[in-house]
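This is what each chain is made of:
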Amino acid sequence: MKNPKPSNLAQTHGQDLMRGEHRMKTNKLAPGGTGSGSALAEPRTPAVEAKYHKPRMANAGIQDTNEELRIDGDRRQSKQENLTWVKGARENLDDTSRKNLAAGRQPAMGNLPINSVFAPSEDAGNEQSQTGTSIFDPVLCELAYKWFCPPGGSILDPFAGGSVRGIVAAILGYQYTGIDLRPEQVAANKQQADRILTRGPGDEVVPVKVSEAMARLRFNGCDPEYIRTTCHATCCESSTSTTGTLITIHPTEQPAIESQGGQVIDGLLQPLPGCHKCPFKTTADLCGLHDTPDKPFGCIASPFTLNKNGTLIVRNRYKLLKCYDDGNKLPAYVAFRASLDLLFGSTEAERICKHFADGGGDIIAPMSRLTYQKLIDNDAIKHGSTIQEPPRPHWIVGDSRDSQALAPGEYDFIFSCPPYGDLEVYSDDPRDLSTLDYEQFLAKYREIIAQSLTSLKPNRFACFVVGDFRDSHGYYRNFVSETIRAFQDAGMTLYNEAILVTAVGSLPIRIGRQFGSYRKLGKTHQNVLVFYRGNVKAIPQEFGTIEVPDLLPPASPE
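The notes below deal with the structure included here. (Residues numbered from 1 in each chain as written. Predicted model: local features only at pLDDT ≥ 70, side-chain atom pairs only at ≥ 80, totals over all residues. Heavy atoms only, no water.)

Tallied over the full model, the rule gives 29 aromatic pairs. Each ring, one from Phe159 and one from Tyr445, has its centre 6.1 Å from the other, and the planes form 40°; the classification is tilted. Highlighted residues: Phe159 in the loop between β2 (154–157) and α7 (164–171) and Tyr445 in helix α18 (residues 438–453), separated in sequence by 286 residues. When sorted by exposure, Phe159 lands in the same class as Tyr445, which is buried. Judged by centre distance (4.0 Å) and plane angle (5°), the rings of Phe487 and Phe531 are stacked. Here Phe487 is found in helix α19 (residues 479–489), whereas its partner Phe531 is found in strand β16 (residues 525–533), with 44 residues between them in sequence. Classification of Phe487 by relative accessible area gives buried; the value is 0%. Directly above the ring of Phe136 sits Arg165, whose terminal nitrogen or CZ lies 4.7 Å from the centroid. (Phe/Tyr/Trp six-rings, centres within 6.5 Å; stacked < 30°, edge-to-face > 60°. Helix = DSSP H or I, 4+ residues; strand = E, 2+ residues; numbered from the N terminus. Buried < 20%, exposed > 50% of the residue type's maximum accessible area, 1.4 Å probe, protein only. Lys NZ or Arg CZ within 6 Å of the ring centre and 35° of its normal.)

This part takes up the sheet that holds strand β9 (residues 311–314). What holds strands together in a sheet is hydrogen bonding between their backbones, with the strands either parallel or antiparallel. Taken together, four strands build an open sheet; the order of strands is β8-β9-β4-β11 and the sheet is mixed. Unpaired on one side and paired on the other, β8 (304–306) and β11 (363–368) mark the two borders of the sheet. Going across the sheet, the axis of each strand differs from the next one's by a mean of 40°, ignoring polarity. Direction of pairing for β8 relative to β9: antiparallel, over a ladder of three bridges. Across the sheet, residue Phe304 finds its bridge partner in β9, namely Val314. Helix α15 (residues 346–357) contacts β4 (205–210) and β11 of the sheet and is inclined by roughly 165° relative to β11. (Pairing = 2+ DSSP bridges. Axes fitted to C-alpha atoms, helices over the stretch in contact; angles between N-to-C directions. Contact = heavy atoms within 4.5 Å.)

What follows is about the pairing of β9. Where burial is concerned, the two faces of β9 agree: the one with Thr311 and Ile313 and the one with Leu312 and Val314 are both buried. Of the pairings in the sheet, the one linking β4 to β9 comprises two bridges and is parallel in character. Residue pairing across strands places Lys209 opposite Thr311, the latter belonging to β9. The loop that links β8 with its antiparallel partner β9 comprises four residues; one of these, Gly310, has a positive phi angle of about 80°.

As structure tokens, this is what we get:
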């Protein structure tokens, strides 16, 4: 079995693993810092730190909600590949702009929409654009997973400081497990994954026509007294379903429903044994989940659906219910106002209702893409389709020195980007490597690597993205070599090394006077170290072959 064909992205930029950046949220030295992508302007002293260093934040390094991968554009481009960045006029993007686009982040200057192409003249070299949230390159993730992990394989990340590696893994169908000490970081990662992986970016909207004719159909409305005495909530029941009910549960809601004791099979809520009623229906025929966060989307939105033209209409089956043209005989937009609030938001729903109350005809209203997709998904479930959600990344709060206990099992790939010593102190937890002096840091760093590799399956790769950094006197630590030595001592061999070119940004400006004074060169790259353990002749059988055009026949592993 062959791996997926390399995407255009990989074919075009595979030689240098793409250009990207890895920026920290609070670099210890801003202009002329000692980070892997900066130059040391002056010896590191308290006076220099006071000059350049912003006050540390308790949550330094946490990914915020601006770190968002723009994946929807590529879904429109290709049904065969789920890429991790937006295609566009890439020729006109500088490195920082391209990465901002991939991350869905707005530029530091101006008010361009999130999915805009940022002009180099506005963003390149802007020092503001070189600070902020630390974002791992999503393109590097894509290539590393496709090249060095079996399709659908499991990934362990012992330094899971951000959400990108997990989100990209999920988009591409890999099972990702990351470990991080900070609960707030893990919570931020999960929140970000929920926003991105719930079937498309939630900040996009779809224009939806609301049918005036359907909106004026008359119903009693779902008031409790009418339900108890007259209709008995028969809208939850079905004469065509073998179970007697037809209540859809979207895949994103299934865990919550099951935690309440409900059973979901093929996206449908199963009735109580021995009867054809919703398990949450009370003896008074009211909904036991009403006014709770767990009430299914499909129940609230049930009166409305999208027809084949994408117009919002009242479901045909509702004209067969007792409440149709009965009782209060309210127009549907009034009788089912709660449904419109859910679908469009209360402000937009109010505009729609006022339009109809004033005698208006069909109206176009914006609906969030997530809501639009849920409507489509739920109708597909009703017709027997299975909605496949991407696998969700799994983040664990804990110390990676205990990875075997925290994340038991075997993994197909170890992939991570460790902290660079104490360049950025992430917390005051004594277990946090960034709080230690360098010798202590190295000892625990080596321990984490060894512990993680005990979970790696035979004939598998591991990859760390690292960069050298300077000590307090301005000398390089030789961190890249220390990383290689740690893997070798743990039984792995260096198999590949690549260079990840990071954004130049304001480095040329910052390095001018600094180089003249201290002769220290600026650094704009990181090392991508790939290790292997096992029989190299097993690689084609374990991983398949990558189709790369215009290359010579496969060479001997020797």
